[in-house]
Amino acid sequence: MNQKMSIVLPLPQLKPENNDDYENRVTLRLYIEKLLNQKVGRYLEIISGIASLATVGIYIVSTYFDQVEWLGTLDIVVCSLYLTEYSLKLFAAQHRLQYIFSDFAIIELLTVFPLLTIQSVGSWNYLQRLINISRILRVFRVVRMINKFQSLSDTEYGGVTRQIYVIFSTVTTIIIVTAGVLYAFELPKRQELIGKDPNRGCSNQIDRCNFHEMIYFTIVTLSTVGYGDVIPQSEEGRVCVIVLIIIVLVVIPKQMNELIRLMGLQSVYARSFYKPNHEIPHIIICGYVSVASLKNFCNELFHQDHGGQDKNAIILKPSIPNTEMEDFLHNERYEMFLIYLQGNPMIERDLRRAAVTQAKACVILTNKQIVDSHSADHKNILIGLLIKKYVNHLTGCNIRLCMQLIKPESKMHYKQSLGVKMITDQIIVVEEFKMNLLAKSCFCPGIIALLGNLVTSAGEQKESLDSEWLTQYTDGMGHEIYRTDLSFKFQGKTFSEVAAIVYNEFSGILFGLEFDVGRQAIIRLNPGVYTIPNTTKVHAYIICQDKKVADLVATYDMTTEEIANYHFSLSLQNTSDKDKPNEEEEDKAEDHLLLGKDQLDDQDIIEKDYLLLNEPVSLMDATSIFLLEQPEINNHIVVCGIHPSIYYFLLPLRAKYLKEIQYVVILAPEKPTEIWEYINRFPKVKFVQGSPLISEDLQRASIHCADKAVIFAQSADANKTESEDFLDQMHDAESIFIYKAIKKINPSVQIMIELVSSSNIQFLLDKDYKYQNDFKYELTPLQASGEVYISAMIDTLTCQAYYNPHIVTILQQILTGMRQSNPVIRAICENLDIKDSNLYQVPVPEDYLNKTFGELFNYLSIERHLIPLGLYRLAKAVDNKHPYVYTNPPAETTLTPRDKVFVLAHQLPADLSGIPFDVNFDPKQLNAKEVENNKALNFLLEKLKQQTSSQNGVNRVVKQKNDKTVIFQGQQIKQTRNIEAESMNLNSAALQVLDQVNEQISIVKDQINDIKSSLNQKEDEIVEKCRRAIRYELGTLT
């Protein structure tokens, strides 16, 4: 591939020559920093705060006594504690000079001052005054402890009340500190004046200084009353009053303005807060939270299959909810569990309002149709990094993120920004998943419906359905993927044997295992003949109706006592996991070998698993004006429009395990000049410039003989606001028009279309389609056949990732196989002889036609080591007019010749796949079958030229296999009385085909004349278009 697609791994950091000393210092600093950010650091701050509160109180009381001899000893003990805390923080600080000059570090250093003056005398000199000032400055330590650990300051107060508390705390601190500083300066001065007074203080002019008198004077000064009965006698005291007035004039009005601003807010959502409950977990939803995304996410989050509604969701958005959002928030189903907070997730104050430090996870959604996708990804990444840093700084723990990103390369940017702290996050890359899924649908039809059923909780269908196919489809919708343990009774059995037991006993499909190898989770689908040695470090993934069925697998064939012991050990494990800090999970990801190439498209992996040309193909060579001139391009895939991430669409279509490589024809109005450099090494890729909305352009792309067509949704306006969500329904207009245009030309072609709004699927249905009661897009034939991709599937998948952290990895392996594994994991699996599987679609073996699905499952799993996941039932399999997917059908389901089976297989047997695919296939050459077809077709064309020599310009006949038509100059002529396609065998008897075609020449002549006259009229236009195209290409070369 192009060098731009290869991933450059980060270079190792350079270290000093003395590596041992450097590593020891770094390790010790990181260890101390981790202790200070965890319970040890919090306990140290609490002890320091309590000691400060006690010593401040003792000092204030001691001012009313002549002399307290043990006060100095107490200062030494307390200041030693302060010095220890200051030294540890200074050593653990990443930027020590910055820490030294921070505000609170300076105050901490001033509170240590008495320890540095142990030899000071007890006379009232400036040194003793500074010691007294340092004693009163310990109030700041007390205030910091209260603000940090007192729950009232963060959760129980709303915005207004909390600001009142802040103002009260500030005023109280100013009064106490100012009174202490004034006392330190006024006491020796007044003693000096009393000593000079002849009456020795008995007159009314000068009184002995008291601490409460200084508090009185400070309050009178702050209130601007100024009675004048108490005045400072020292010069230092007067300076202190000046500084006090300046501070009050700056600090208090600023805080009062904030209080007025909060009181003036009209939105209740801007003042509200969330009070966490330790018994009910909560998650935070932020990012681009539209009503449509929130509906899909909450439908899955609060579904009964996930244990009911014992959780809360906090929505954190900067804007006030619109009318549609208000209606959803007051939905009786979610009203008690949804809390909307108006705030910015990048502001710490709003994160405190949402109680992010106690949240179980944070979900960051994105706008999936935005034009500037890179900016949207960068914003989500910054939000995620800030939240993780904030939580880690306050608690020392690591919050789990479920984050949506649009561009695949953004995932690498997030990993590099976050470092090793990645293991607990689930990243859903929208375009990579969408493109892989649409590509897989081209050679495995119905997979969109299959995966949609597995990630969406459907529950039981309450309404009675009037068709058998719809009953079967809805029954399959009730199955999901569950993670469970394996009973120790399965030890020593192969995976295929265990899968057969699970299906026969519990009607569940065991399709994958999770191994804990060296504290690294490795997931493999259908290991086949792999023998399970030990079930303690192995978890199973099962497709079944509910969690109860999955739990039965964990206790299979156990006695009552063994089941009790299992549940007891499970409860102990859950308790230990809950108390275990997250640093253990972070250690799992600290091995750079395991992280280096994980889920990245490394050049070596691409070359090994995918077909690539040795030399790139230029866009000019791949551009065609009329594909009809290239008869080898048939049964191909037409892509309507060019997508920035089309690379991830073409990649699965060029996997080496495929038995056939289809041509991909891109039909777009503009040439993909910039994107082409990423896809120019894929074989059999053509470009036709034109609009898929124009019938002539569709015919130039040979849509009439295409096998599949793919329609991407258009990108949305970057300036779209939340109040314009209703425009989503109009967003699919162009895609719907393209769908209609294709169906008009070729009704039999299968189209995969992406829709933004699920309700728009009704515009694609046949006119004779009848709704059941209310319209439900998930029960429509197009959805059941997997021909429609709804963007809401990403939101449902994000919620599933919250419950099952490995669901994204499982789906990626289903779509792309082992491409998502890095070389280290591959080596581990090869060493343990753990094979992986890909998803295929195969016909039902002839021996099992009219037999049951249970018999087929046992045959494929035990004898062929294949795991069936469901059926793809073609039209007329039962009472269906359209294909549909039957996920995990019951064992008694009768198989028909119209059925195909979704199977997981390491390598598909030749008798099930037909002609095996040659791995050494040369993309530059056609296979033997195509060559033979072309020879026969050329022979047929020469004969037709001789037969119709009088008709100049008509020299092309193309055969279409699917809809049994003959194409003359791109026009379709239905063969009602014409030849049958089955008798037209170009591979064996070209002469026989010629004889049959000659019989129809007389019928075709009249139509040829009409076509000829039409072409003559458009001749000048066609010539002009060709000239413009040639001039444009010559211009690009210069």
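Since this is a predicted model, take the numbers as computed values, not measurements. (Residues numbered from 1 in each chain as written. Predicted model: local features only at pLDDT ≥ 70, side-chain atom pairs only at ≥ 80, totals over all residues. Heavy atoms only, no water.)

Student: Mind laying out the overall build of the protein chain, listing which residues take part and the relevant values?
Tutor: Within the protein chain, the secondary structure is distributed over 41 helices and 23 strands. Looking at the protein chain residue by residue over its 1038 residues, the buried ones come to 51%. Nonlocal contacts in the protein chain, meaning residues at least 24 apart in sequence, comprise 76% of its contacts between residues at least 6 apart. Total accessible area on the protein chain is roughly 50,100 Å²; 55% of this is exposed by carbon and sulfur atoms. (Helix = DSSP H or I, 4+ residues; strand = E, 2+ residues; numbered from the N terminus. Buried < 20%, exposed > 50% of the residue type's maximum accessible area, 1.4 Å probe, protein only. Contact = heavy atoms within 4.5 Å. Areas by Shrake-Rupley, 256 points an atom, 1.4 Å probe, with all protein chains shown as cover.)

Student: So, the pairing of strand E8 (residues 509-517): which residues are in play, and what are the values?
Tutor: The buried fraction of E8 amounts to seven of the nine residues, a majority that puts the element mostly inside the structure. The sheet contact formed by E8 and strand E10 (residues 538-544) spans six bridges and is antiparallel. Across the sheet, residue Ile509 finds its bridge partner in E10, namely Ile543. (Pairing = 2+ DSSP bridges.)

Student: Go over unusual backbone geometry, please, and point to the residues and values.
Tutor: Glycine aside, a negative phi is what most residues show, and trans is what most peptide bonds show. Look at Asp557: it is not a glycine, yet its phi comes out positive at around 60°. Tracing the backbone shows Asp557 in the loop between helix H21 (547-554) and helix H22 (560-579). In this model, Asn850 sits at a positive phi of 65°, which is unusual for a non-glycine residue. Tracing the sequence through the fold places Asn850 in the loop between strand E17 (838-843) and helix H36 (853-863).

Student: An account of the packing of aromatic side chains is needed here, citing residue identities and associated values.
Tutor: Applying the stated criterion across every chain, the model contains 20 aromatic pairs. With 5.6 Å between their ring centres and 80° between their planes, Tyr657 and Tyr840 make a pair best called edge-to-face. Placement of Tyr657 in the loop between helix H27 (647-653) and strand E12 (664-668) and of Tyr840 in strand E17 is noted, with a sequence separation of 183 residues between them. A network of ring pairs unites the aromatic residues Phe302, Phe328, Tyr334 and Phe337 as a single cluster. The ring of Tyr82 has Arg141 lying over it, and the distance from NZ or CZ to the ring centre is 4.0 Å. (Phe/Tyr/Trp six-rings, centres within 6.5 Å; stacked < 30°, edge-to-face > 60°. Lys NZ or Arg CZ within 6 Å of the ring centre and 35° of its normal.)

Student: Please give an account of the sheet that holds strand E1 (residues 282-287) that cites residues and values.
Tutor: Taken together, the six strands give an open sheet; going across it, the order is E3-E2-E1-E4-E5-E6, and neighbouring strands pair in parallel fashion. Each edge of the open sheet carries a strand with a single partner, namely strand E3 (338-342) and strand E6 (426-429). The average angle at which neighbouring strand axes cross in this sheet is 15°, direction not considered. Note: strand E2 (residues 312-317) against E3, five bridges, orientation parallel. Each residue of the ladder has a partner; that of Ala313, found in E3, is Leu338. Where helix H12 (residues 291-301) meets the sheet, its contacts fall on E1, E2, E3 and strand E4 (361-365), and the angle it forms with E1 comes to roughly 160°. (Axes fitted to C-alpha atoms, helices over the stretch in contact; angles between N-to-C directions.)

Student: Describe in detail the nonpolar core, supporting the description with residues and values.
Tutor: Counting residues in each nonpolar core, the largest one holds 124 residues, and the members touching the most others are Phe511 and Phe649. With sequence-adjacent residues up to four places away left out, Phe649 is seen in contact with Met435, Leu438, Ala439, Cys442, Val639, Val710 and Phe712. The next biggest cluster of nonpolar side chains, apart from the first, holds 31 residues, and it includes Ile703, Ala709, Ala741 and Val749. (Core = buried A, V, L, I, M, F, W, Y, C linked by side-chain atoms within 4.5 Å.)

Student: Tell me what's going on with the packing of helix H9 (residues 211-222) against helix H10 (residues 235-264), and back it up with residues and numbers.
Tutor: When two helices pack together, their arrangement is given by the angle between their axes and by how far apart the axes lie. Where H9 contacts H10, the two axes come as close as 11 Å, and the packing angle between them is 45°. Taken together, the axes of H9 and H10 lie oblique to each other. Considering how the two elements wind past one another, H9 and H10 form a crossing that is right-handed. Contacts between H9 and H10 involve Phe217, Thr218, Thr221 and Leu222 on the former and, on the latter, Val241, Leu244, Ile245 and Val248. Among the residues making up the contact of H9 with H10, the classes are represented as six nonpolar, two polar and no charged. (Parallel < 35°, antiparallel > 145°, perpendicular 65-115°, else oblique. Left-handed = near helix turned anticlockwise from the far one by under 90°. Nonpolar A, V, L, I, M, F, W, Y, C, P; charged D, E, K, R; others polar.)

Student: Describe helix H31 (residues 733-745), with residues and values.
Tutor: Note: α-helices contain 3.6 residues per turn, so residues at a spacing of three or four share the same orientation. When the terminal C-alpha atoms of H31 are compared, their 19 Å separation across 13 residues agrees well with the 18 Å that a helix rising 1.5 Å per residue should span. Of the positions making up H31, those classed as buried are Ser735, Ile736, Ile738, Tyr739, Ala741, Ile742 and Ile745. (Expected span 1.5 Å × (residues − 1).)

Student: Give me the UniProt feature "transmembrane region" (unreviewed entry) in the protein chain: which residues, what numbers.
Tutor: Mapped onto this structure's residue numbering, the UniProt feature "transmembrane region" (unreviewed entry) falls at residues 43-64, 100-120 and 164-185. When the span residues 43-64 is considered, its composition is 91% helix and 0% strand, and the gap between its end C-alpha atoms is 33 Å. Secondary structure content for residues 164-185 is 100% helix and 0% strand, and the end C-alpha separation is 32 Å. (UniProt positions renumbered as here; feature names shortened; annotations may be inferred.)

Student: Can you explain the pairing of E1? Please cite residues and give values.
Tutor: The buried count for E1 comes to five of six residues, which makes it a mostly enclosed element. Here E1 runs beside E2; their pairing, made up of four bridges, is parallel. Bridged to His282 within E2 is Asn312. Relative to E4, E1 runs parallel, the two being bridged by five bridges. If you follow Ile285 over to E4, its bridge partner there is Val363.

Student: Describe the sheet that holds strand E18 (residues 867-873), naming the residues involved and giving the relevant values.
Tutor: Spatially, four strands are ordered E17-E20-E18-E19 in an open sheet, and the strand pairing comes out antiparallel. Unpaired on one side and paired on the other, E17 and strand E19 (884-887) mark the two borders of the sheet. The mean inter-strand angle of the sheet, taken between neighbouring strand axes irrespective of direction, is 30°. Here E18 pairs with E19 via four bridges, running antiparallel. Residue pairing in the sheet places Tyr872 in a bridge with Val885 of E19. Relative to E18, H36 is tilted by about 140°, and along the sheet it contacts E18 and strand E20 (899-905).

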